[in-house]
Amino acid sequence: MRKKPSSRKTLLMVALLCATSMEAQFKISAELRPRTEYSHGYALPASEDQDPSLFTTQRTRLQFAFSNQESVKLKIVLQDVRLWGSQPQLVQNEDYATSVHEAWGEFGLGGGFSVKAGRQELVYDDQRILGSVGWAQQGRTHDVALLKYTGGFELHLGFAHHENDNRQNNYYFGPDAYKDLQFVWFHNSVEALQYSILLLNNGIPVTTFQGGNPVKQETLYSQTLGMRVEQGYDRWRMGGHFYFQTGDSPDGRDLSAFDFAIEAHKNFEEGKKLGIRYEWISGTEPGNATNQSFTPLYGTNHKFNGFMDYFYVGNHLNSVGLHDLQLSGSLTTGKVTLTGDLHLFNSHKEVNNDGTYLGTELDMGLSLPVNSIVKFAAGYSQMLASERLADLRNITNKGSLHNWAWVMVTFSPEFL
């Protein structure tokens with residue numbers, strides 16, 4: 001029979017483990033998130049004879065994180081995103097292989113400076129221009145390098161350049177949205193006032209073909225510059241932003257567009273919160289030689305202009321713009337949080353010279369943490385769409401009911 005280790009040996013092992021954990025930290029965690037959605041008019045007005053759909057998607061992530069006292073950090077996130085029923089029960093190919101959502105490393109240079117490079121999420125401010133798109137099961141990450149400074153203020157410089165693997169040219173045909181990206185982000189706070197400044201240069205490749213073969217590729221650049229401000233006072237939280245876009249539109253036109261937003265929220269006692277928000281996103285009249293339609297680029301657009309994603313979630317780009325007046329509220333009682341949002345949508349430019357009203361959307365939600373690992377959430381949304389909104393989406397026989405509902409369970413365990 002083997003002898004049990006002595007108390008002295010046990011204490012020595014514990015001391016060694018504690019010393020190791022002080023020098024470096026290693027964490028393994030996971031996320032499993034199935035979501036079932038009912039859709040009848042999600043993102044697009046339903047036609048009169050359209051049947052509703054019911055489907056389930058699932059996101060699975062395995063996350064590894066490392067850091068030590070030498071200011072070295074490393075993160076790797078493996079991800080699988082699937083639609084229930086899209087994969088055969090007997091898998092025999094790699095079309096459904098797990099992908100790498102994040103894979104980046106960061107090391108300190110001293111004096112508050114550090115370098116971070118690899119596949120990573122870009123999350124800045126309220127995620128209007130650069131965000132992780134966490135609601136989408138796949139999320140968004142970038143192949144990018146950052147030079148960061150953290151001291152009395154924060155300053156990030158970002159650089160990305162994409163090409164195909166042909167060493168004899170510098171063409172890029174996707175699948176990403178840009179060929180070149182550079183940005184500067186500055187953030188500072190003065191007591192309860194926080195402000196950020198963003199300068200972003202976005203390069204879109206435009207290719208000329210002859211006989212089906214590329215003969216020339218030009219990168220058209222647009223610039224997005226602006227500021228976001230937030231101010232806290234007692235139970236109030238106020239904020240807003242203004243961004244301006246200039247340069248070249250991907251279709252070759254001159255670009256001159258803007259996005260303005262202002263918001264105010266108040267936290268009451270007993271878990272109550274009310275807010276109001278107004279956003280004005282510029283649009284273009286048909287036939288205008290200048291593109292005046294603002295594009296939110298790589299933000300988490302799902303969180304801003306209604307959860308039914310009628311605007312700026314892969315749609316409504318280079319269009320008539322948007323006025324969005326939003327009233328919001330939430331109530332937390334016990335573990336349950338109830339939320340509600342009401343959006344009044346109007347276009348910036350008239351639709352077919354026949355007014356601007358697009359529709360009214362109601363979003364309701366519920367979230368409940370079951371325990372420290374499991375969280376339940378659900379929601380219901382309804383869009384009261386006008387004929388103008390149907391015209392914008394080329395729906396000729398618009399139905400009367402456009403609604404969407406979802407139920408989601410999130411498992412977030414930490415293994416180590």
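Look a little higher up for the structure.
Computed from a prediction, not measured in an experiment: that's the story for all the values here.

Here we come to the packing of aromatic side chains. On inspection of all chains with the given rule, the structure shows 16 aromatic pairs. On the numbers, 5.1 Å between centres and 40° between planes, the contact of Tyr-42 with Trp-404 is tilted. Of the two residues, Tyr-42 sits in the loop between strand 1 (24-40) and strand 2 (53-68) while Trp-404 sits in strand 19 (residues 402-411), which places them 362 residues apart along the sequence. Using a relative accessible area of 1% as the deciding quantity, one classes Trp-404 as buried. For the cation-ring pair, Arg-128 lies above Phe-304, with the distance from its terminal atom to the ring centre recorded as 4.4 Å.

Despite not being glycine, Gln-127 shows a phi value in the positive range, around 70°. Note that Gln-127 resides in the loop between strand 5 (113-120) and strand 6 (142-150). A positive phi angle, close to 55°, is found at Asn-353, a residue other than glycine. Residue position: Asn-353 is located in the loop between strand 16 (336-346) and strand 17 (357-369).

On the secondary structure map, Gly-275 appears in strand 13 (residues 272-281). Taking C-alpha positions, Gly-275 is 36 Å from Gly-203, a pair spaced 72 residues apart along the chain. Apart from residues no more than four positions distant in its own chain, Gly-275 is found in contact with Ala-264, His-265, Gln-326, Leu-327 and Ser-328.

Glancing now at the side chain of Asn-202. Tracing the sequence through the fold places Asn-202 in strand 9 (residues 193-210). Of the polar contacts made by the side chain of Asn-202, one reaches the side chain of Tyr-298; its length is 2.7 Å. Beyond its immediate sequence surroundings of up to four residues, Asn-202 is in contact with Tyr-178, Asp-180, Leu-181, Leu-220, Tyr-221, Ser-222, Leu-297 and Tyr-298.

Another point: the pairing of strand 8 (residues 180-190). Where strand 7 (residues 154-161) and strand 8 come together, eight bridges link them in antiparallel fashion. Residue His-156 lies in a different strand from strand 8, and its bridge partner there is Trp-185. Here strand 8 runs beside strand 9; their pairing, made up of eleven bridges, is antiparallel. The partner of Val-184 across the bridge, within strand 9, is Leu-199. From the end of strand 8 to the start of strand 9, which pair antiparallel, there are two residues, and Glu-191 there has a positive phi angle of about 55°.

Considering all chains together, one arrives at 18 salt bridges under this definition. A salt bridge links Arg-228 to Glu-263; its shortest N-O distance comes to 3.1 Å. Placement of the pair is Arg-228 in strand 10 (residues 213-233) and Glu-263 in strand 12 (residues 254-267), with a sequence separation of 35 residues. The same class applies to Arg-228 and to Glu-263, which are both buried. For Asp-251, the salt bridge is made with Arg-253, and the minimal N-O distance between the two is 2.9 Å.

Time to look at the environment of Ala-117. Along the chain, Ala-117 turns up in strand 5. With residues up to four places along the chain from it excluded, the contact list for Ala-117 reads Ala-103, Trp-104, Gly-105, Val-144 and Ala-145.

Together, Glu-285, Glu-350, Asp-354 and Asp-391 give the surface a local cluster of negative charge. Note that Glu-285 resides in the loop between strand 13 and strand 14 (290-291).

What follows is about the side chain of Glu-279. Among the structural elements, Glu-279 can be located in strand 13. Engagement of the side chain of Glu-279 in a polar contact is seen with the side chain of Arg-277, the distance being 3.0 Å. Excluding anything up to four places from it in sequence, Glu-279 contacts Arg-128, His-241, Asp-259, Phe-260, Ala-261, Phe-304, Asn-305, Leu-322, His-323 and Asp-324.

On to the pairing of strand 10. Here 18 bridges tie strand 9 to strand 10, and the two strands are oriented antiparallel to one another. Bridged to Ile-204 within strand 10 is Leu-220. Here strand 9 hands over to strand 10 after two residues, with Gly-211 in that stretch at a positive phi of 60°. Where strand 10 lies against strand 11 (residues 236-248), twelve bridges are found, and the strand directions are antiparallel. From the neighbouring strand, Ser-222 faces strand 11, where its bridge partner is Gly-247. Linking strand 10 to strand 11, which pair antiparallel, is a turn of two residues; within it Asp-234 sits at a positive phi near 55°.

Before going further, it helps to examine a nonpolar patch on the surface. On the surface, Phe-26, Leu-62, Leu-74, Ile-76, Leu-78, Val-100, Phe-415 and Leu-416 cluster together into a nonpolar patch covering about 690 Å² of accessible area. Ranked by residue count, the leading element in the nonpolar patch is strand 3 (residues 72-83), at three residues. On the secondary structure map, Phe-26 appears in strand 1. Phe-26 gets classed as partly exposed once you look at its relative accessible area, which sits at 44%.

Cut-offs applied
- Residues numbered from 1 in each chain as written.
- Predicted model: local features only at pLDDT ≥ 70, side-chain atom pairs only at ≥ 80, totals over all residues.
- Heavy atoms only, no water.
- Phe/Tyr/Trp six-rings, centres within 6.5 Å; stacked < 30°, edge-to-face > 60°.
- Helix = DSSP H or I, 4+ residues; strand = E, 2+ residues; numbered from the N terminus.
- Buried < 20%, exposed > 50% of the residue type's maximum accessible area, 1.4 Å probe, protein only.
- Lys NZ or Arg CZ within 6 Å of the ring centre and 35° of its normal.
- Contact = heavy atoms within 4.5 Å.
- Polar contact = N/O pair within 3.5 Å; in protein donor to acceptor, adjacent residues only side chain to side chain.
- Pairing = 2+ DSSP bridges.
- Salt bridge = Lys/Arg side-chain N within 4 Å of Asp/Glu carboxyl O.
- Patch = residues over 30% accessible without salt bridge, like charges linked within 9 Å, V, L, I, M, F, W, Y side chains within 5 Å.
- Areas by Shrake-Rupley, 256 points an atom, 1.4 Å probe, with all protein chains shown as cover.
- Lys, Arg positive; Asp, Glu negative; His and termini not counted.
- Charge placed at Lys NZ, Arg CZ, Asp CG, Glu CD.

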